[in-house]
Amino acid sequence: MIESVQGSVSRNTSELRSFGDRVLILVVLGFLLLLIVLGRLVYLQIYNHEAYQTQSLNNRIQIQAIAPPRGLIFDTNGKLLADNRQILSLALVPERVDDVDMLFDRLSKLIELTPGELRAFEERIRGRPKHDPIVLKRDLTDKEQAQLAVNRHDLDGVVVTYETIRHYLYGEKFVHAIGTVRRIAKEDLDSLDRVNYRGTQFIGGTGVERFYESSLHGSVGSRSVEVDASGRPTREQPEDLTPPIRGASLTLYIDSSLQLAADAALGDRRGAIVAIDPRTGGILAMVSKPAYDPNQMLSGMNADEVNTMYTHRDKPMFNRAVQGMYAPGSTFKPVVGMAALSEKVTAWDEVVVDEGNFRLPGSSQVYRSWNRTSTSPGGHGRVDMHRAIYRSSNVYFYTIGSRLDVDVLGDFAYQRFGIGRRTTYDLHETTTGVLPSREWKESTYGEPWYPGDSVILGIGQGYLSVTPLQLATAATVLANRGAWVQPRMLKRSDRHLVEIKEDPVARSAVLEPAEMAEHWERMATAMSAVVHRGNQGFDQNGTAWAFIGLDIPYTMAGKSGTAQVIESTREGEELDDEERDEYERNHALFIAFAPLMDPEIAVAVIIENGGGGSQEAGPVARAVIDAKLQPSSVVAQRD
Amino acid sequence: MTDLLQPDVRNTRRINWLYSAHVDPWLVLGIVLVLALGLTVMSGTLGHAPSMLFRHVFLIFVGVSALFVMAQIPEHTYLGLTPLVYLGSVALLVYVLFFGDEANGAMRWIDWPLVPRFQPSEILKVSLPLSLAWYLHDKPTPLRIWDLVVCLVIIGIPVGCVYAQPDFGTTVLVTTACLCVVFLAGLQWRWILAAVGLSVIGFIVAWRVLLDEYQIQRIMTFLDPDRNPLGAGWNIIQSKIALGSGGATGKGLGEGTQSQLSFLPEGHTDFMLAVIGEELGFVGTASLLTFFFFIFARGMTMSRKCPTRFGRLASAGFLMMFFGYMITNVMMVSGLLPVVGAPLPLVSYGGTSVITILAGFGVVIALRGR
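Fair warning: this is a prediction, and the values are worked out from it, not measured in the lab.

Calculation rules
- Residues numbered from 1 in each chain as written.
- Chains lettered and ligands numbered in written order.
- Predicted model: local features only at pLDDT ≥ 70, side-chain atom pairs only at ≥ 80, totals over all residues.
- Heavy atoms only, no water.
- Helix = DSSP H or I, 4+ residues; strand = E, 2+ residues; numbered from the N terminus.
- Buried < 20%, exposed > 50% of the residue type's maximum accessible area, 1.4 Å probe, protein only.
- Contact = heavy atoms within 4.5 Å.
- Areas by Shrake-Rupley, 256 points an atom, 1.4 Å probe, with all protein chains shown as cover.
- Salt bridge = Lys/Arg side-chain N within 4 Å of Asp/Glu carboxyl O.
- Core = buried A, V, L, I, M, F, W, Y, C linked by side-chain atoms within 4.5 Å.
- Phe/Tyr/Trp six-rings, centres within 6.5 Å; stacked < 30°, edge-to-face > 60°.
- Buried area = accessible area lost by both parts, 1.4 Å probe.
- Polar contact = N/O pair within 3.5 Å; in protein donor to acceptor, adjacent residues only side chain to side chain.
- Pairing = 2+ DSSP bridges.
- Axes fitted to C-alpha atoms, helices over the stretch in contact; angles between N-to-C directions.
- Patch = residues over 30% accessible without salt bridge, like charges linked within 9 Å, V, L, I, M, F, W, Y side chains within 5 Å.
- Lys, Arg positive; Asp, Glu negative; His and termini not counted.
- Charge placed at Lys NZ, Arg CZ, Asp CG, Glu CD.
- pLDDT = per-residue confidence, 0-100.
- Parallel < 35°, antiparallel > 145°, perpendicular 65-115°, else oblique.
- Left-handed = near helix turned anticlockwise from the far one by under 90°.
- Nonpolar A, V, L, I, M, F, W, Y, C, P; charged D, E, K, R; others polar.
- Expected span 1.5 Å × (residues − 1).

## Regarding the overall build of chain B
Part 1: Helix and strand counts for chain B come out as 14 helices and two strands.
Part 2: Classification of the 370 residues of chain B by burial places 53% in the buried group.
Part 3: Long-range pairs, those at least 24 residues apart, make up 71% of the contacts in chain B between residues at least 6 apart in sequence.
Part 4: For chain B, the computed accessible surface area is about 16000 Å², with 69% contributed by carbon and sulfur atoms.

## Focus: the overall build of chain A
Part 1: Along the backbone of chain A there are 25 helices and 22 strands.
Part 2: Looking at chain A as a whole, 52% of its 639 residues are labelled buried.
Part 3: If you take every contact in chain A between residues at least 6 apart in sequence, the share linking residues at least 24 apart comes to 74%.
Part 4: Approximately 29800 Å² of chain A is accessible, and the part contributed by carbon and sulfur atoms is 50%.

## Things to note about the pattern of salt bridges
A side chain of one charge can pair with a side chain of the opposite charge if their charged atoms are brought near each other.
Part 1: Under the definition given, this model contains 27 salt bridges over all chains.
Part 2: Across the pair Asp 24 of chain B and Arg 298 of chain B runs a salt bridge, and its minimum N-O distance is 2.5 Å. Of the two residues, Asp 24 of chain B is situated in the loop between α1 (13-19) and α2 (25-45) and Arg 298 of chain B in helix α12 (residues 272-304); the sequence distance between them amounts to 274 residues.
Part 3: In the salt-bridge network here, residues are joined through shared partners; they are Arg 70, Arg 166, Glu 209 and Glu 213 of chain A.

## Looking at the nonpolar core
Part 1: Phe 417 and Met 556 of chain A are the most contacted members of the largest nonpolar core, which totals 124 residues.
Part 2: Sorting elements by how many residues they give to this core places helix α21 (residues 515-532) of chain A first, with nine residues.
Part 3: Not counting residues up to four positions away in its chain, the partners in contact with Met 556 of chain A are Met 527, Ser 528, Val 531, His 532, Ile 548, Phe 590, Ala 592, Phe 593, Ala 594, Arg 622 and Ile 625 of chain A.
Part 4: Within the second largest apolar cluster, 109 residues are counted, among which are Met 42, Phe 322, Ile 327 and Ala 366 of chain B.

## Structural notes on the packing of aromatic side chains
Residue and element names in this part refer to chain B.
Part 1: For the structure shown, the criterion picks out 25 aromatic pairs over all chains.
Part 2: Ring centres of Trp 26 and Phe 294 lie 6.4 Å apart, and the angle between their planes is 80°; this geometry places the pair in the edge-to-face category. On the criterion of sequence distance, the pair formed by Trp 26 in helix α2 and Phe 294 in helix α12 is long-range, its members being 268 residues apart.
Part 3: Using a relative accessible area of 33% as the deciding quantity, one classes Phe 294 as partly exposed.
Part 4: Both rings, one in Phe 293 and one in Phe 296, keep their centres 6.0 Å apart while their planes meet at 55°; by these two values the pair is tilted.

## Here's the deal with the interface of chain A and chain B
Part 1: Every contact between the two is made by 44 residues of chain A and, on the other side, 56 residues of chain B.
Part 2: Between chain A and chain B, a total of about 4400 Å² is buried, with carbon and sulfur atoms accounting for 74% of that surface.
Part 3: It is Phe 19, Arg 22 and Gln 45 of chain A in chain A that bury the most area against chain B; as a group they hold 17% of the surface buried on that side.
Part 4: Our count for the contact surface shared by chain A and chain B stands at zero salt bridges.
Part 5: On the surface where chain A and chain B come into contact, there are eight residue pairs in polar contact (both at pLDDT 80 or more).
Part 6: When residues of the side of chain A that touches chain B are traced back to their parent elements, those giving at least two are α2 (9-47), α3 (49-57), β1 (60-66), β8 (221-227) and β9 (239-242) of chain A.
Part 7: With 25 residues, α2 of chain A is the single largest residue contributor to the side of chain A that touches chain B.

## Regarding the sheet that holds strand β12 (residues 283-289) of chain A
All names here are of chain A.
Part 1: Read across the open sheet, the five strands follow the order β12-β11-β22-β21-β20; overall the sheet is antiparallel. Each edge of the open sheet is held by one strand with a lone partner, namely β12 and β20 (557-563). Taken pair by pair, the neighbouring strands of this sheet meet at an average axis angle of 5°, ignoring direction.
Part 2: Of the pairings in the sheet, the one linking β20 to strand β21 (residues 587-594) comprises seven bridges and is antiparallel in character. Note on β21: the bridge partner recorded for Ala 563 is His 587.

## Description of the side chain of Ser 89 of chain A
Residues and elements named next belong to chain A.
Part 1: Positionally, Ser 89 belongs in strand β3 (residues 80-92).
Part 2: Ser 89 gets classed as buried once you look at its relative accessible area, which sits at 0%.
Part 3: Once you skip the residues sitting within four places of it in the chain, Ser 89 turns out to touch Val 135, Lys 137, Arg 138, Asp 139, Leu 140, Val 159, Val 160, Thr 161 and Glu 163.

## Notes on a negative patch on the surface
Part 1: There is a patch of like negative charges on the surface, built from Asp 98, Asp 99, Asp 101, Asp 105 and Glu 122 of chain A.
Part 2: As for its position among the elements, Asp 99 of chain A is in the loop between β3 and α4 (100-110).

## Thoughts on the confidence of the model for chain B
Part 1: Scored by pLDDT, chain B has a mean of 84; 83% of the residues are at 70 or more.
Part 2: Low confidence marks residues 1-5 of chain B, where pLDDT is under 50. Its contacts with residues over four positions away, or in another chain, come to 11 contacts.

## With respect to the packing of α2 of chain B against α12 of chain B
Residues and elements named next belong to chain B.
Part 1: Direction vectors running N to C along α2 and α12 enclose 160°, while the axes themselves pass 9 Å from each other. Considering their axes alone, α2 and α12 lie roughly antiparallel with respect to each other. The two elements α2 and α12 cross, and the hand of that crossing is left-handed.
Part 2: A per-class count over the contact of α2 with α12 returns 18 nonpolar, five polar and two charged.

## Things to note about unusual backbone geometry
All names here are of chain A.
Part 1: In the segment running from Lys 289 into Pro 290, the intervening peptide bond is cis, with an omega of 0°.
Part 2: By the element assignment, Pro 290 lies in the loop between β12 and α11 (294-299).
Part 3: Residues Ala 594 and Pro 595 are joined by a peptide bond in cis, for which omega reads -15°.
Part 4: Turning to its location among the elements, Pro 595 is positioned in the loop between β21 and β22 (601-607).
Part 5: Not every positive phi belongs to a glycine, and Lys 315 is a case in point at roughly 50°.
Part 6: Mapped onto the secondary structure, Lys 315 falls in the loop between α12 (303-311) and α13 (320-323).
Part 7: The phi angle at Lys 344 is positive, at roughly 60°, despite the residue not being glycine.
Part 8: Tracing the chain through its elements places Lys 344 in the loop between α14 (333-342) and β13 (352-354).

## Quick look at a nonpolar patch on the surface
Part 1: Side chains of Leu 24, Ile 25, Val 28, Leu 29, Phe 31, Leu 32 and Leu 35 of chain A together with Trp 189 of chain B sit close together on the surface and give an oily, nonpolar patch of about 730 Å² of accessible area.
Part 2: No other element matches α2 of chain A, which puts seven residues into the nonpolar patch.
Part 3: Along the chain, the position of Leu 32 of chain A falls in helix α2.
Part 4: Using a relative accessible area of 45% as the deciding quantity, one classes Leu 32 of chain A as partly exposed.

## Section: helix α14 (residues 353-368) of chain B
Part 1: The end-to-end C-alpha distance of α14 of chain B, which contains 16 residues, comes to 23 Å, matching closely the 22 Å that a straight helix rising 1.5 Å per residue would cover.
Part 2: Burial within α14 of chain B is extensive, with 15 of its 16 residues counted as buried.

If you want it as structure tokens, here you go:
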């Protein structure tokens, strides 16, 4: 340091002087800030002392959160699907209860309190401020209310509160279509906006309720309530500081008359139905059965009852429409056919002789026809693509499937039909299904892709599995002659929604060779023959004609599928013979769209262990389409 | 050099060593007063949690020891070690971004065995003034533009990491104190004026052109907590009631209803001043502020007398850091500034913050020289 000082004495002194000046400036600035702060403290502690003294000693201001009303959900015609209703609930204010156990004792003499409710209360109380009322029992009956009112004097800290809960007007009929809310759990608290959710008990758990949670929720409001030293509100009216802002209301594409018709058509059978408007991609109906009543789940059900919902063999909580994975069976044949035409591995006029059996060259493995019997191998004789679709020839599609490279077929199904991927704009699809590829098989089974795998993939069996939503999407693409629309729930809303990043493109044509337009059109025609080709004699009619095509007043295109069930029993499960018989029966599938020209609806139906696709699933698909195209006749039938 | 201890206890070798220890009695007096006042009030607030109180006392003990040790290290050792300290603190900040513990949505903490949980951004309060002083100690005044750019880079790298955690409060406070170092190093007045002018224009442009309506709304809510009485506003409303109801002389130690009844959240951390104001009144808050200013003024005087430019800049920079945190906290608690999460130095229960601050004062004493 000594050297540097000697090196530049003059510079150093001027530097020192400037440093000293500037230090002084900062100290003076600091002093001014100190004066400001002292002035502020004088203002608060001396000048306004009495006002604050009053607030602190005689009164306490409590700021209460006002939960915003959740946005409403309407169907496409403006019919209300979900709103909010008020129930009376019993709540405790922790800071006003001296002895919780004693209070529980007293309460349980007046009203029924289950151990489950007490456990849930212990859970709920954690992490909430001590002056917030915590709900103990919901949906009090009139009698319980009266009991509480009479004994009010020795129930300190007990309050009866109005609680607003979600109400689904159609209960279990729409639960898998629009989803439900669920109570906020402890695990949610970390990820939620604590301030905005301070008064809120519910968040979207599934479906639209979940996807549009931020918008449906709205913004919390607040009011200040004066309470005296013992915590009782004083007479003065609570003062609203900020009003809550109601959540956005949503209008969905769901058409309640269609949803109800689909629900009725499926009846008590296990399965799923998805209907899409091919013009917009709007999901018109989405049924999954069995289902459960969300209203009971929200108010009445206790923990054990909820548990059985989760463990029941038929899985009512499981939304088969978006989560269920099924082999598509023959409903996949139009996809294979279009891929083959696009790849030019076949043409409309190519004829395959179907004598009921198919063998790969140099292999002894025999692949069979669906219409084989104990005495005959079945088969459909000379078939071209058109006939292969309306007769659902397995041998034809074994042949075509063996010519198509699995990755080429997979890519076509993925890109053009949305198989193997999440396609919807606003649903949480938890699974993509399985779209096999060479790489997939290598990494899953450690085995190469065998030619035989391609043969059965040609008829939609083997490793392939799809969700009903994906099947309906594929039907939509067929209806649109190859054009892509993204399936979606939301039609419009009363304000801009944060979830919508950009306006989704409704419908996009795909650039492809000119001859493809003709292929799509002929595929649609072939599918209409499935339904309408009749009176041609045994084994010459469309597969579904006898079941739905006899009296149909419009043109409908369809394709049936009957998928083998490979695994039906779960580990450690005992079934009697009758049950085993039922759970091992084939799944029945049907995809359809109508009218043939300018389609207005595309449908996919899956009936678990339903049996034959044309026979069982076909009429269900027709019932849904009838509800769309001929609403009056449906009403007439029902009456 | 000063007599810290009474002559009659100077009879062992250990005490002899202490006698020759290098400290500044005035600075230490101010620090002891603040620590004593803070601990007295905190023992009432944390009466229900003796283990927390014990931990706080222990950390103060460690901090005071650090002060004495740091004060003995010669100035040229600091000059030599500063680049390492800088690189070390940057490394820790980068480390914490990837492997740090998350608290309240921000990655700020390091939790290593044998060391108390700490925030690497704490270290910046000491290491960044040292680093700037190290770079500037042989540069000419007034500052050349190139030197200014280098300074901004030295500040920008660690502060950028802090901003990414995210920790907005620390970002602003550390940057401000660092800019004071650059100012003290001889930043030309016309550049200062130009910078002020540019930021005013930039602010207006951003407000009028770049920001959407909802972004402006968000900023307004931040600035005016009354709009949000459930969130940040709650603390401010309660803290004003605590201060105001304390009046001139307070409700007495341990008698503050606001803090004892948990109406005032974080009474032992960021809002400690409100507790002092409630229990000891204006007398308590004004004394505390006086002690603080005394420490600041004494420290700044010492920095003027440092024998080297490195020492001057580094110690003044640390004192600006100290004063900045103090005044920000007080303005926040009294409702003059939005809540940004700045602890009250030496007083707040805040883990390792008290160690860093006390060690920093050790550095200030060391740089003053003998």
